[in-house]
Amino acid sequence: QVQLVESGGGLVQPGGSLRLSCAASGSIFSINVMGWYRQAPGKQRELVAAINSGGSTNYADSVKGRFTISRDNAKNTVYLQMNSLKPEDTAVYYCNADLQSRWYENFIDYWGKGTLVTVSS
């Protein structure tokens with residue numbers, strides 16, 4: 001059984017910063033891409049940032065220059081440093097991992113339960 005557990009969400013004022021963490025645990029043989037998605041009320045879930053096992057990153061245009069994704073492969077953990085936060089960044093942030101539980105199994109997408117980020121004065 002694989003679990004992704006996010007932490008670090010909360011309430012922050014515009015212009016502030018937050019750091020999200022997501023740790024993958026359980027039966028894990030290999031992790032390919034890890035990423036963060038978000039879903040605001042009434043909107044579709046969207047990709048925020050992703051990072052592969054080699055460290056290559058991809059960002060949504062709306063967060064480029066403000067957010068930084070990183071990962072610790074030894075800890076199966078991905079981070080999202082969010083700076084210069086705006087009210088429009090308010091959403092539930094979900095962790096995603098494309099991982100292989102055993103060497104002979106296919107890669108499967110796993111999701112965390114989400115953590116709420118609220119940017120408001």
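Colleague: Got a minute to help me understand the overall build of the protein in this structure?
Modeller: When helices and strands are counted, the protein shows 0 helices and 11 strands. Taken from N to C terminus, the helices and strands of the protein fall in the order β-β-β-β-β-β-β-β-β-β-β. Taking 2.2 N^0.38 as the reference for a compact globule, 121 residues should give roughly 14 Å; the C-alpha atoms of the protein span a radius of gyration of 14 Å, in line with that estimate. The burial tally for the protein puts 39% of its 121 residues in the buried class. For the protein, long-range pairs separated by at least 24 residues make up 55% of all intrachain contacts whose partners lie at least 6 apart in sequence. A total of about 6600 Å² of accessible surface is found on the protein, and carbon and sulfur atoms cover 46% of it.

Colleague: Any chance you could explain the pairing of strand β8 (residues 77-82) here in plain terms?
Modeller: Along any regular strand the residues' side chains alternate between the sheet's two faces. Judged by how many residues are buried, β8 sits mostly within the fold: 5 of 6 residues are covered. Both strand β3 (residues 18-26) and β8 contribute to a ladder of 6 bridges, which runs antiparallel. Across the sheet, residue Cys 22 finds its bridge partner in β8, namely Val 78. Taken together, the 6 bridges between strand β7 (residues 67-72) and β8 define a ladder with antiparallel strand orientation.

Colleague: So what exactly am I meant to see when it comes to the sheet that holds strand β1 (residues 2-7) here?
Modeller: Strand pairing in a sheet relies on backbone hydrogen bonds, with the paired strands running either antiparallel or parallel. As summarised here, the arrangement of the 4 strands in space is β1-β3-β8-β7, forming an open sheet in which the pairing is antiparallel. Each having just a single partner strand, β1 and β7 make up the two edges of the open sheet. Looking at each pair of strands side by side, their axes are set apart by 15 degrees on average, direction ignored.

Colleague: Just checking my understanding: could you explain a nonpolar patch on the surface for this structure?
Modeller: Taken together, the side chains of Phe 29, Trp 103 and Tyr 104 present a nonpolar region at the surface, about 440 Å² in accessible area. Within the secondary structure, Tyr 104 is located in the loop between β9 (91-100) and β10 (108-111).

Colleague: Even after reading the chapter, I still don't get the environment of Phe 29, so can you show me in this structure?
Modeller: Tracing the chain through its elements places Phe 29 in the loop between β3 and β4 (30-39). Spatially, the C-alpha atoms of Phe 29 and Ser 70 are 20 Å apart, while their sequence positions differ by 41 residues. Excluding its chain neighbours within four sequence positions, the residues that come into contact with Phe 29 are Gln 100, Ser 101, Arg 102 and Trp 103.

Conventions we followed
Every chain begins its residue count from 1, and numbering advances along the sequence as written. In view of the model being predicted, local features appear only for residues whose pLDDT reaches at least 70, and side-chain atom pairs are presented and counted only at 80 or more, with totals across whole chains, interfaces and linings using the full set of residues. Excluding hydrogens and water, the side-chain figures rest on all heavy atoms present in the structure. Comment: elements are numbered from the N terminus, with helices defined as DSSP H or I runs of at least four residues and strands as E runs of at least two. Radius of gyration here uses only the C-alpha atoms, and the compact-globule reference equals 2.2 Å multiplied by the residue count raised to the power 0.38. For each residue, the accessible area found with a 1.4 Å probe, counting protein chains only, is set against the maximum for its type, and the residue is called buried under 20%, exposed over 50%, and partly exposed in between. By definition in these notes, contact holds between two residues if any of their heavy atoms fall within 4.5 Å. Exposure was quantified through the Shrake-Rupley algorithm and a 1.4 Å probe, taking into account, for residues, occlusion by the shown protein chains and nothing else. Here the rule is simple: two strands pair whenever DSSP picks up at least two bridges between them. Note on definitions: angles span 0 to 180 degrees between N-to-C directions of axes, and those axes are lines fitted to C-alpha atoms, for helices only across the stretch in contact. Exposure above 30% relative accessible area and the lack of any salt bridge qualify a residue for a patch; like charges then connect within 9 Å, and the nonpolar side chains Val, Leu, Ile, Met, Phe, Trp and Tyr within 5 Å. Any Lys or Arg side-chain nitrogen found within 4 Å of a carboxyl oxygen on Asp or Glu counts as a salt bridge.

Any functional reading would require information beyond the geometric quantities listed.
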